[in-house]
Amino acid sequence: WTTLSNQINSMTANGSTNQTIGLAHGWQTLTNAGPYSAPALPANTSRYIIEISDGLNTQDRWYGDGSNESSPVDTRMSDACTNAKAAGITIYTIFVDLNGTQGNSTVLQNCATGSSKYFDLTTSGAIITTLNSIGQQITSLRVSN
């Protein structure tokens, strides 16, 4: 555990950001098709993706320079979000903008399934609180007649 903790603590942010990769893999793990081939879900089971990013979309394999926000990368992200939500997946998005230096992430805000499912954080300490809040929202049961 100590070795793992030391490895994590020594990590530093580096490189470009492509939020769509995480979204695509999350979505694929929730579908019955490849590459992950998830088993069929029981009836009345909800599917969720929680997308967390500490940077604006700056580059994918076709567009962007790795440093500045790229609108073509954002467009691809928007398309993936629209399709995942159309497939019945609820998406929560968290933008960790340390010290508020990057501004708001419109693409993540629009990707979330409603404004209450988007979180704009300016400290890393707020991540745990936010994930706990999301967990409570997902697990709260509603009984109706």
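Above: the structure in question.
Rules used in this analysis
- Residues numbered from 1 in each chain as written.
- Predicted model: local features only at pLDDT ≥ 70, side-chain atom pairs only at ≥ 80, totals over all residues.
- Heavy atoms only, no water.
- Disulfide = S-S within 2.5 Å.
- Helix = DSSP H or I, 4+ residues; strand = E, 2+ residues; numbered from the N terminus.
- Buried < 20%, exposed > 50% of the residue type's maximum accessible area, 1.4 Å probe, protein only.
- Salt bridge = Lys/Arg side-chain N within 4 Å of Asp/Glu carboxyl O.
- Right-handed = clockwise from strand over helix to strand, strands pointing away.
- Pairing = 2+ DSSP bridges.

Next up on the list: the state of the cysteines. What the rule picks out here adds up to one disulfide. Here Cys81 is linked by a disulfide to Cys111, with a sulfur-sulfur distance of 2.0 Å. Because the torsion about its S-S bond is -95 degrees, the bridge between Cys81 and Cys111 counts as left-handed. Linking Cys81 in helix α3 (residues 71-86) with Cys111 in helix α4 (residues 106-111), this pair joins segments that are 30 residues apart in sequence. Classification of Cys81 as buried rests on a relative accessible area of 2%.

A few words on the pattern of salt bridges. This model, assessed by the stated rule, comprises one salt bridge. Residue Arg76 is joined to Asp60 by a salt bridge in which the shortest nitrogen-to-oxygen separation is 3.4 Å. With Arg76 in helix α3 and Asp60 in the loop between β1 (47-53) and α3, this residue pair connects regions lying 16 residues apart in the sequence.

Looking now at the pairing of strand β2 (residues 89-96). Residues in a regular strand point their side chains to alternate faces of the sheet. Counting buried positions along β2 yields eight of eight residues, so the element is predominantly enclosed. Where burial is concerned, the two faces of β2 agree: the one with Ile89, Ile91, Thr93 and Phe95 and the one with Thr90, Tyr92, Ile94 and Val96 are both buried. You can see the chain leave β1, run along α3 and come back into β2, and the turn it takes is right-handed. In this sheet, strand β3 (residues 118-121) lies alongside β2 in parallel orientation, the contact comprising four bridges. Bridge pairing links Ile94 to Phe119 in β3.

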